[in-house]
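Here's the letter readout for the chains.
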Amino acid sequence: MDIFLCGARKTEDSVGDEIQENLVIELKAPKVVLTKKVLRQIEDYMDFVRKQPQFNTQLSRWRFIAVCNNVDDDVRARYATNQTKGKKGLVFSVENYELYALTWADVFKSFELRHSFLLKKLKIDQEAIEKDISQQLGNSTGREAVNNLTALALPVSMISG
């Protein structure tokens, strides 16, 4: 593997039973296009895991994800084949194993959509903080503004040493 991430978390299956969801994410270099050859690499990882007895349980789900900047037409055709399953980026599934091919744009847009409520709240808080800091700094500039900003951000005990 080039760069990959692995993780597990408790979640629920479609009927509400607790299961363990396992993620294996392969991150490819920006210049690498997600082709059948690249996809085959992560399919090999999935096949290896499927053959391990300790992972053969109905109480876990495995998601293997390849992430690149671009996806070629052969991989896009697999999206269409799996479209009826209603999972964006899904290119193959068998038993409790799923294989996804995603672009970085897909990853970031998914995060933005899933967490838009939080991002909106953070933006509001950021605007409120900026307004409060501007009011507290007043018309100070240069070194005086830096010193005032430091005083606002750090406890007095840290500033005085």
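It should be emphasised that the depicted structure is a prediction, and the values quoted were computed from it without experimental measurement.

Draft legend 1. Just the confidence of the model for the chain, in detail. Within the chain, residue pLDDT values average 81, and 88% of them lie at 70 or more. The low-confidence segment residues 156–161 (pLDDT under 50) makes three contacts with residues lying over four places distant or belonging to another chain.

Draft legend 2. Geometry of a nonpolar patch on the surface. Where nonpolar side chains cluster on the molecular surface, the patch consists of F117, L118 and L122 and spans about 310 Å² of accessible area. With respect to the secondary-structure elements, L122 resides in helix 4 (residues 116–137).

Draft legend 3. Fine view of the side chain of D72. Mapped onto the elements of the fold, D72 is located in the loop between strand 5 (70–71) and helix 2 (73–82). No salt bridge forms around the buried D72; measuring N to O, its nearest opposite-charge neighbour R76 is 7.1 Å away. Engagement of the side chain of D72 in a polar contact is seen with the backbone nitrogen of D74, the distance being 3.2 Å.

Draft legend 4. Structural detail: the packing of aromatic side chains. A complete count under the given rule lists four aromatic pairs for this structure. Where W62 meets Y97, the ring centres are 6.4 Å apart and the plane angle is 15°; that geometry is what we call stacked. Separated by 35 residues along the polypeptide, W62 in strand 4 (residues 60–68) and Y97 in strand 7 (residues 97–103) bring together distant segments of the chain. According to the relative accessible area criterion, Y97 is buried, its value standing at 1%. Among the aromatic residues, those joined into a cluster by ring pairs are F55, W62, F64 and Y97.

Draft legend 5. Spatial organisation of the side chain of E43. In this fold, E43 is placed in helix 1 (residues 36–50). Residue E43 is classed as buried on the basis of its relative accessible area, which comes to 8%. Setting aside residues no more than four positions away along its own chain, E43 makes contact with R78 and L99.

Draft legend 6. Examining the pairing of strand 7 more closely. The buried count for strand 7 comes to seven of seven residues, which makes it a mostly enclosed element. With burial as the criterion, each face of strand 7 is covered, one bearing Y97, L99, A101 and T103 and the other bearing E98, Y100 and L102. Here seven bridges tie strand 4 to strand 7, and the two strands are oriented parallel to one another. Within strand 7, the residue paired with V67 across the bridge is L102. Note: strand 6 (residues 90–94) against strand 7, four bridges, orientation antiparallel. Bridged to V94 within strand 7 is Y97. In this antiparallel pair of consecutive strands, strand 6 and strand 7, the connection spans two residues, and E95 shows a positive phi of 50°.

Draft legend 7. Main features of unusual backbone geometry. Backbone geometry at E95 places phi at a positive 50°, although glycine is not the residue there. Locating E95 in the fold gives a position in the loop between strand 6 and strand 7.

Draft legend 8. Examining the packing of helix 1 against helix 2 more closely. Following both chains from N to C, one finds helix 1 and helix 2 inclined at 60°, their axes separated by 8 Å at the closest point. As far as their axial angle goes, helix 2 and helix 1 are oblique. Residues K36, L39 and E43 of helix 1 form the contact with helix 2, whose own contacting residues are D74, V75 and R78. For the contact of helix 1 with helix 2, the residue count by class is two nonpolar, no polar and four charged.

What counts and what doesn't
- Residues numbered from 1 in each chain as written.
- Predicted model: local features only at pLDDT ≥ 70, side-chain atom pairs only at ≥ 80, totals over all residues.
- Heavy atoms only, no water.
- pLDDT = per-residue confidence, 0-100.
- Contact = heavy atoms within 4.5 Å.
- Patch = residues over 30% accessible without salt bridge, like charges linked within 9 Å, V, L, I, M, F, W, Y side chains within 5 Å.
- Areas by Shrake-Rupley, 256 points an atom, 1.4 Å probe, with all protein chains shown as cover.
- Salt bridge = Lys/Arg side-chain N within 4 Å of Asp/Glu carboxyl O.
- Helix = DSSP H or I, 4+ residues; strand = E, 2+ residues; numbered from the N terminus.
- Buried < 20%, exposed > 50% of the residue type's maximum accessible area, 1.4 Å probe, protein only.
- Lys, Arg positive; Asp, Glu negative; His and termini not counted.
- Polar contact = N/O pair within 3.5 Å; in protein donor to acceptor, adjacent residues only side chain to side chain.
- Phe/Tyr/Trp six-rings, centres within 6.5 Å; stacked < 30°, edge-to-face > 60°.
- Pairing = 2+ DSSP bridges.
- Axes fitted to C-alpha atoms, helices over the stretch in contact; angles between N-to-C directions.
- Parallel < 35°, antiparallel > 145°, perpendicular 65-115°, else oblique.
- Nonpolar A, V, L, I, M, F, W, Y, C, P; charged D, E, K, R; others polar.

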